Amino acid sequence: MSSKVYRKLIAKQFAVDFKAAVEIIEVPIPEPAADEILVRNKFAGINGGFDTLVCQGKVAYVNLTPPFDLGVEAVGEVVAVGDNVQNFHIGDAVVTTAKGGGYREYQLIDANLAIKVRQATPEVLTLIPTGISALVALEKVGKMKSNEVVLVTAAAGGTGHIAVQLAKLAGNHVIGTCGSQQKVQLLANLGCDRPINYRTENLEQVLKQEYPHGIDLVFDCVGSQVFDVCADNLAIRGRLVVVGFISEYGKNIEEVTQPRIYHKIFWKAASVHGFVMPFYQEHAAAARDRLLDLFYSNQLKVVVDATPFQGIESIPAAVEYLLSGQNCGKVVVRF
Ligand SMILES: NC(=O)c1ccc[n+]([C@@H]2O[C@H](COP(=O)([O-])OP(=O)(O)OC[C@H]3O[C@@H](n4cnc5c(N)ncnc54)[C@H](OP(=O)(O)O)[C@@H]3O)[C@@H](O)[C@H]2O)c1
């Protein structure tokens, strides 16, 4: 064991507020076992929603008791390899997506779980796994087709801006919601047909007036009233995919009293589907390869938010920034 140490962010307790749940600790830099590699993380993706919910103990498929490690995706450089490892060498760029592997300066990982990439950039990190989630949710859950009307909410965010482009590439008319004129411009630049700034336009009115036949496929990241409007405006055989409900993270879940959801969907033969990526892992590798091909052939743009977050200590601020809704594209922290 090396005498050198590195820093990582852990959840020391459950708390409503991410900042109140976490602390930075120092631990020794380990040596890889025979089948492992040691990676120096260069960038980690910020998943403000998941991070907040996991620190509240509310992610149903994750059964963790504090203290536990935080962060998921990271991109970095291999700095040591175990004796049995053939396919990785010191200096290789790799993306990793192990739970707890993101918010730390170094991580040990089984070599079979690391993905070799051309360069350790935040763009590649955005595609794996955020872009993968967008692609799988649209295609495998939403059954995305061509020549349909697709609505993406939080469309200028890390997940949303990839979904917008994938829906366009598939030949659809794409509507995207966002909360600023700067994001409207970004969405227009990405090919979005009808960006809607929900702070200056009424989403319900726009949908009713401009899309009287309804929306064929909704990729909803926001939830609450936005979900209600989306569900109300589904087309015949429309599909609504619940990708997240960021408007409720960090808050008490809103209790609503209204007729059951089947009253909305039955008469249109419409459907509402929950989506969490861990239950669709069988599609991850093919989705990743397609996304990287699209990116390297300049058919897909990756937008990384320009606000710099540097070091483990900046992660709580980065989570808060994402939840405040200010970000354009994927929020990352640099180590
Ligand atoms: N199911 C899965 O496997 C999976 C995987 C990845 C992500 N997700 C989900 O996808 C969503 C987006 O995640 P992300 O990490 O890519 O974040 P993000 O979209 O980069 O950032 C969040 C964005 O949400 C928008 N937003 C809209 N209403 C909001 C509100 N009331 N409060 C806060 N933000 C609001 C904000 O932009 P505007 O205000 O401009 O719209 C903000 O920029 C989240 O719900 C997340 O949980 C799910």
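Conventions and cut-offs
Residues numbered from 1 in each chain as written. Predicted model: local features only at pLDDT ≥ 70, side-chain atom pairs only at ≥ 80, totals over all residues. Heavy atoms only, no water. Helix = DSSP H or I, 4+ residues; strand = E, 2+ residues; numbered from the N terminus. Buried < 20%, exposed > 50% of the residue type's maximum accessible area, 1.4 Å probe, protein only. Polar contact = N/O pair within 3.5 Å; in protein donor to acceptor, adjacent residues only side chain to side chain. Contact = heavy atoms within 4.5 Å. Near = heavy atom within 4 Å. Areas by Shrake-Rupley, 256 points an atom, 1.4 Å probe, with all protein chains shown as cover. Domains from an automatic or database assignment. Salt bridge = Lys/Arg side-chain N within 4 Å of Asp/Glu carboxyl O. Nonpolar A, V, L, I, M, F, W, Y, C, P; charged D, E, K, R; others polar. Axes fitted to C-alpha atoms, helices over the stretch in contact; angles between N-to-C directions. Parallel < 35°, antiparallel > 145°, perpendicular 65-115°, else oblique. Left-handed = near helix turned anticlockwise from the far one by under 90°.

**Overview of the side chain of Arg239**
- Checked against the element boundaries, Arg239 lands in strand β13 (residues 234–242).
- For Arg239, a relative accessible area of 7% translates into the label buried.
- Here the side chain of Arg239 touches Glu148 through a polar contact of 2.9 Å, side chain to side chain.
- Contacts of Arg239, omitting those with residues within four sequence positions, involve Gly142, Lys143, Met144, Lys145, Glu148, Asp216, Leu217, Val218, Leu234, Ser271 and His273.

**As for the site of the ligand**
- Taken together, the neighbourhood of the ligand is formed by 25 residues, with Thr159, Gly179, Tyr198, Tyr249 and Asn327 sitting nearest.
- One of the backbone N or O atoms of Gly158 is found 2.8 Å from an oxygen atom in the ligand.
- Contact between the ligand and Gly179: an oxygen atom at 2.7 Å from a main-chain N or O atom of the residue.
- Calculation on the ligand without its partners gives an accessible area of 900 Å², and the protein chains cover 87% of this total.
- Residue assignment for the shell around the ligand shows that the elements contributing at least two residues are α4 (158–169) and α10 (315–323).

**Topic: the domain arrangement of the protein chain**
- Domain annotation for the protein chain reports domain 1 (5–120 + 304–334) and domain 2 (128–278).
- Distance from the C-alpha centre of domain 1 to the C-alpha centre of domain 2: 28 Å.
- On the side of domain 2, 16 residues touch domain 1, which itself brings 20 residues to the contact.
- Where domain 1 meets domain 2, there are zero salt bridges.
- When contributions to the side of domain 1 that touches domain 2 are tallied by element, the ones reaching two or more residues are α2 (48–55), β8 (115–117) and α10.
- Ranked by the residues each element gives to the side of domain 1 that touches domain 2, the list is headed by α2, at three residues.
- Residue composition of the side of domain 1 that touches domain 2, grouped by class: nine nonpolar, eight polar and three charged.

**What about the environment of Ala156?**
- Position of Ala156 relative to the elements: it lies in the loop between β9 (149–152) and α4.
- Along the backbone, Ala156 and Val241 are 85 residues apart, and their C-alpha atoms lie at a distance of 17 Å.
- Once you skip the residues sitting within four places of it in the chain, Ala156 turns out to touch His161, Thr177, Cys178, Lys183, Leu186, Leu187, Asn327, Cys328 and Gly329.

**Things to note about the packing of helix α3 (residues 122–141) against helix α9 (residues 284–296)**
- Their axes nearest at 9 Å, the elements α3 and α9 cross at an angle of 120°. Comparing the axis directions of α3 and α9 gives the class oblique. Between α3 and α9 the crossing geometry is right-handed. Of the residues in α9, those in contact with Glu123, Val124, Leu127, Ile128, Gly131, Ile132, Leu135, Val136 and Glu139 of α3 are Ala284, Ala287, Arg288, Arg290, Leu291, Leu292, Phe295 and Tyr296.
- Classifying every residue of the contact of α3 with α9 by side-chain character gives twelve nonpolar, one polar and four charged.

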